[in-house]
Amino acid sequence: MRIGVDYYPEQWDKEMWQKDADLMVKTGVKLVRMGEFAWSRLEPRDGQFDFAWLDEAISIFARHSIGVILCTPTSCPPLWMYETYPDITQVGPDGKRIQTGIRAHRCLNAPMFLYYAKRITEQLAHRYARTTAVVGWQIDNEIEAYPCTCEVCRGLFRDWLIDKYDNLENINSAFGNSVWSGEYSDISQIQPPTAYPKAWQNPSLCLEYSRFASDMAVKFVNDMTMIVRRHYPKAKVTTNTYFSENKPDYYRMYELLDFVAYDNYPPIMLPEDDDEIYSHAFYLDLMRGVKQKNFWVMEQLSGPTGCWMPMSPTPRPGQIKGYALQAMAHGADTVIHFRWRTANKGAEMYWHGLIDHSNVPSRRFIEFADLCRTAMKLTAIETTELVSDIAILYSPDNDWAFGIQPQTSGFEYFEQLKLFHAAFTRYGVNVDIISPTADLTKYKAVIAPEMYVYDQNAAENIYRYVIKGGTVVMTNRSGVKDAFNNCIMEPLPTVYRELIGAEIVEYDPIGDMEQTIKDFAGNEFRCSKWCDIMELTTARAYAEYEDCFYSGSPAVTMNRYCSGVAYYVGTVCSREFYESFAGNIMKQTGIPRLKDLPKGVEVTTRTNGLDDYIFFFNNSEQEVEITLPKAMFSIIDGGERDNFTLKPFDMDVVRK
Ligand code: GLA
Ligand code: ZN
């Protein structure tokens, strides 16, 4: 397995490059990523290119047999460009043009920006696409579905809508614009959402704008990718992403790219709230699920984080190594650390890399070197992947729609996905997080939480899966909206009513209030946020409410449908409920469970079809004891054992 580092030749004297490359080789670094912010060095003046320094940097790493991931620098246009074409900067939802001076403020649709972005990408691709040392490409950096409201984006948004709806009448009707006299009589009246809270604005407009902004980000990535591929069709191209406020549709963004690249900064202080303990694994699984393929980490935690916020505590002993291995346990094939050296100049000087300002290798660097040595021993897992019996469905549409109209106090789209994910993770199994339209046939259980915005393909996919014998778990806030983000005039959960065999006669958005439910076995659990009050048609009650005027009515149901089973969880419960529920689902569907795993221990399995490799990761600050059912061979240290101790953040990988 490969470990790499993010490197900024433009920030260091040339003499340092050679020394750094020497030390990288000694440490076991296999890849460097560079160039994503270096536009002013590559094109110091309009049309004057300088590649000599990059040639030199690449050739130094090539001589050291270190592969280069070359980035297109379009995240940071040089100041001459902003000066000549001020309208290449984004205009925020407040209508104000963003001031230059930080980064990433270019509008992805601004024609002059695009002209220059294509030209520099073309130049780089022409020069380096066939360079052997350049083993991969990163387009731009952390592209978001920016909520730009500049003239160009407004125009494109209008075109995008007309393309979809044909005319204003259809838009008015789909958006329900008779509400608050919002009817468009001229296309010029269509405006992107404003800086006011989304919940005050038209939900259809807001959802369409998220879709549009995502499409624009995807288009930009694809256009740049095509330029690189034109020069070298076999080029491996990606773009790096994170969970920003303006998430694009990851499924579409990576559709034409070779692999997903994720910027992975797990929290250094473990969450005090047990509910969040496995949430980091959740994000890794989500990234793997985007292409249902192994992915890369393009930026990995290396030190105390700072600059964008006050400095965080320093990574605890074991975390530098452990979190990189954790990413591999969840499907990363390559992990690149951000960054080799901590910057000593510029805004990000306190977002620490592996080597501190002191330039003296520290505890973290020593741990990183140990990680590199360990990664080299993991050759056996290079051709392996995670195979899972359980899938959780993640939908960008639902994510955006809940962001536009948060349902009750504290209600968050990801919460229920994470609760289910954590519950299954507790039992030491792989969990996939995939698109609602992905092939579900291979899963023994599919969790489809909050299927809020209607998507015909997704609904048919879920029905088909259950009809053929699958087990699905649906939840509150399903079937609520049509594809235009309007409420459907039918008893909830509308399209899913037949599948779940129950009807919601009323709901109680209880927000942060707490109530109790009792399951069929007499176990009681806390619930909050939302209570669907249901009447059963063909389903049976799995759990009932114990409070309020609906005490005694079903809260969780189970329905046999054709050859399959559909559960429905009408409320949002405490962690204990999901654990017990997931345990029952696993029993019922024949998914093997590991019981009594110490809290915080994650167990995942990668397989090549012949051999299975089990990863045991201790994501806790306590030492834990692991007992195996039989003696197994550790590919980390070559020992054979049937039990072992894991220090905090330690990992062992055994062959089954
Ligand atoms: C992001 C960016 C990096 C850097 C890090 C740390 O992930 O891609 O350039 O800014 O955050 O702040
Ligand atoms: Zn714009």
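For the structure itself, look to the data block above.
Turning our eyes to something else, we now look at the state of the cysteines. Scanning the entire structure with this criterion turns up zero disulfides. A disulfide-free cysteine, Cys527 has its sulfur positioned 4.3 Å from the sulfur of Cys531, the nearest such atom. Taking the relative accessible area as the measure of exposure, Cys527 reaches 1% and is therefore buried.

This paragraph deals with the side chain of Asp285. Take Asp285: it is sitting in helix 10 (residues 279-291). Residue Asp285 is classed as buried on the basis of its relative accessible area, which comes to 3%. A polar contact is formed between the side chain of Asp285 and the side chain of Arg288, at a distance of 2.7 Å.

Within the open sheet, the six strands sit side by side as 10-21-22-25-23-24. Their pairing is antiparallel. The outermost strands of the open sheet, each flanked by one partner alone, are strand 10 (385-386) and strand 24 (640-646). Across six bridges, strand 23 (residues 624-634) lies against strand 24 in antiparallel orientation. When the sheet's bridge partners are listed, Met632 is paired in strand 24 with Arg641.

Bringing the site of ligand 1 into the picture now. Around ligand 1, the neighbouring residues are Phe37, Arg103, Asn141, Glu142, Asp263, Tyr265, Glu299, Trp308, Phe338, Glu348 and Trp351. Side-chain polar atom of Trp308 to an oxygen atom of ligand 1: 2.8 Å apart, as the coordinates give it. Coverage of ligand 1 by the protein chains reaches 96% of its 300 Å² of free accessible surface.

A separate point is the pattern of salt bridges. Taken as a whole and assessed by the stated rule, the structure comprises 34 salt bridges. Residues Glu36 and Arg33 are paired through a salt bridge, measuring 2.7 Å at the closest nitrogen-oxygen approach. Across this residue pair, the class does not change: Glu36 and Arg33 are buried. Its salt-bridge partner being Arg252, residue Asp215 comes within 3.1 Å of it at the nearest N-O pair. Here Asp215, found in helix 8 (residues 203-231), pairs with Arg252, found in helix 9 (residues 250-253); they are 37 residues apart in sequence, far enough to count as distant. When its relative accessible area of 41% is taken as the criterion, Arg252 is described as partly exposed. Within the structure, one salt-bridge network assembled from shared partners comprises Asp6, Arg33, Glu36 and Glu299.

Inspection of the entire model under this criterion finds four cavities of 30 Å³ or more. Its boundaries defined by the atoms lining it, the largest cavity holds a volume of some 90 Å³. Lining the largest cavity are 13 residues; nearest its centre among them are Leu108, Asn109, Tyr146, Ala213 and Met216. By residue number, the principal contributor to the lining of the largest cavity is helix 8, which donates five residues. In this structure, the second largest cavity spans a volume of roughly 70 Å³. Taken together, Asp274, Ile277, Tyr278, Leu419, Ala422, Ala423, Arg426, Arg575, Tyr578, Glu579 and Lys599 make up the full set of residues lining the second largest cavity. If you list the elements that add at least two residues to the lining of the second largest cavity, you get helix 14 (413-425) and helix 17 (575-589). Here the lining of the second largest cavity is built from residues that sort into six nonpolar, no polar and five charged.

Quick look at the packing of helix 3 (residues 52-63) against helix 5 (residues 111-128) now. In the contact formed by helix 3 and helix 5, the axes pass within 12 Å of each other and the chain directions differ by 45°. Relative to helix 5, the element helix 3 is oriented oblique. In this structure, helix 3 crosses over helix 5, and the sense of that crossing is right-handed. Where helix 3 abuts helix 5, its residues Leu54, Asp55 and Ile58 lie against Leu124, Arg127 and Tyr128. Residue classes in the contact of helix 3 with helix 5 are distributed as four nonpolar, no polar and two charged.

Turning next to a nonpolar patch on the surface. A cluster of nonpolar residues, Ile102, Trp308 and Met309, forms a patch on the protein surface that exposes about 350 Å² of accessible area. Checked against the element boundaries, Ile102 lands in the loop between helix 4 (79-84) and helix 5. Classification of Ile102 by relative accessible area gives exposed; the value is 63%.

A cis amide bond, omega -5°, links Phe338 with the succeeding residue Arg339. With respect to the element layout, Arg339 can be found in the loop between strand 9 (332-337) and helix 12 (363-377). The peptide bond linking Leu492 to Pro493 adopts the cis configuration, its omega dihedral lying at -5°. Tracing the backbone shows Pro493 in the loop between strand 14 (471-475) and helix 16 (497-500). Even without a glycine there, the phi angle at Ala104 is positive, about 60°. Topologically, Ala104 is positioned in the loop between helix 4 and helix 5.

Quick look at the environment of Pro203 now. With respect to the secondary-structure elements, Pro203 resides in helix 8. Residues Pro203 and Asp612, 409 residues apart in the sequence, show an inter-C-alpha distance of 47 Å. Not counting residues within four places of it along the chain, the set of residues in contact with Pro203 comprises Ile404, Gln405, Lys481 and Asn485.

Conventions used here
- Residues numbered from 1 in each chain as written.
- Chains lettered and ligands numbered in written order.
- Predicted model: local features only at pLDDT ≥ 70, side-chain atom pairs only at ≥ 80, totals over all residues.
- Heavy atoms only, no water.
- Disulfide = S-S within 2.5 Å.
- Buried < 20%, exposed > 50% of the residue type's maximum accessible area, 1.4 Å probe, protein only.
- Helix = DSSP H or I, 4+ residues; strand = E, 2+ residues; numbered from the N terminus.
- Polar contact = N/O pair within 3.5 Å; in protein donor to acceptor, adjacent residues only side chain to side chain.
- Pairing = 2+ DSSP bridges.
- Near = heavy atom within 4 Å.
- Areas by Shrake-Rupley, 256 points an atom, 1.4 Å probe, with all protein chains shown as cover.
- Salt bridge = Lys/Arg side-chain N within 4 Å of Asp/Glu carboxyl O.
- 1 Å grid on protein atoms, 1.4 Å probe; cavity = no way out; pocket = protein on both sides within 12 Å on 5 of 7 lines; lining within 4 Å.
- Points joined across faces, edges and corners; volume = space filled by probe spheres on them.
- Nonpolar A, V, L, I, M, F, W, Y, C, P; charged D, E, K, R; others polar.
- Axes fitted to C-alpha atoms, helices over the stretch in contact; angles between N-to-C directions.
- Parallel < 35°, antiparallel > 145°, perpendicular 65-115°, else oblique.
- Left-handed = near helix turned anticlockwise from the far one by under 90°.
- Contact = heavy atoms within 4.5 Å.
- Patch = residues over 30% accessible without salt bridge, like charges linked within 9 Å, V, L, I, M, F, W, Y side chains within 5 Å.

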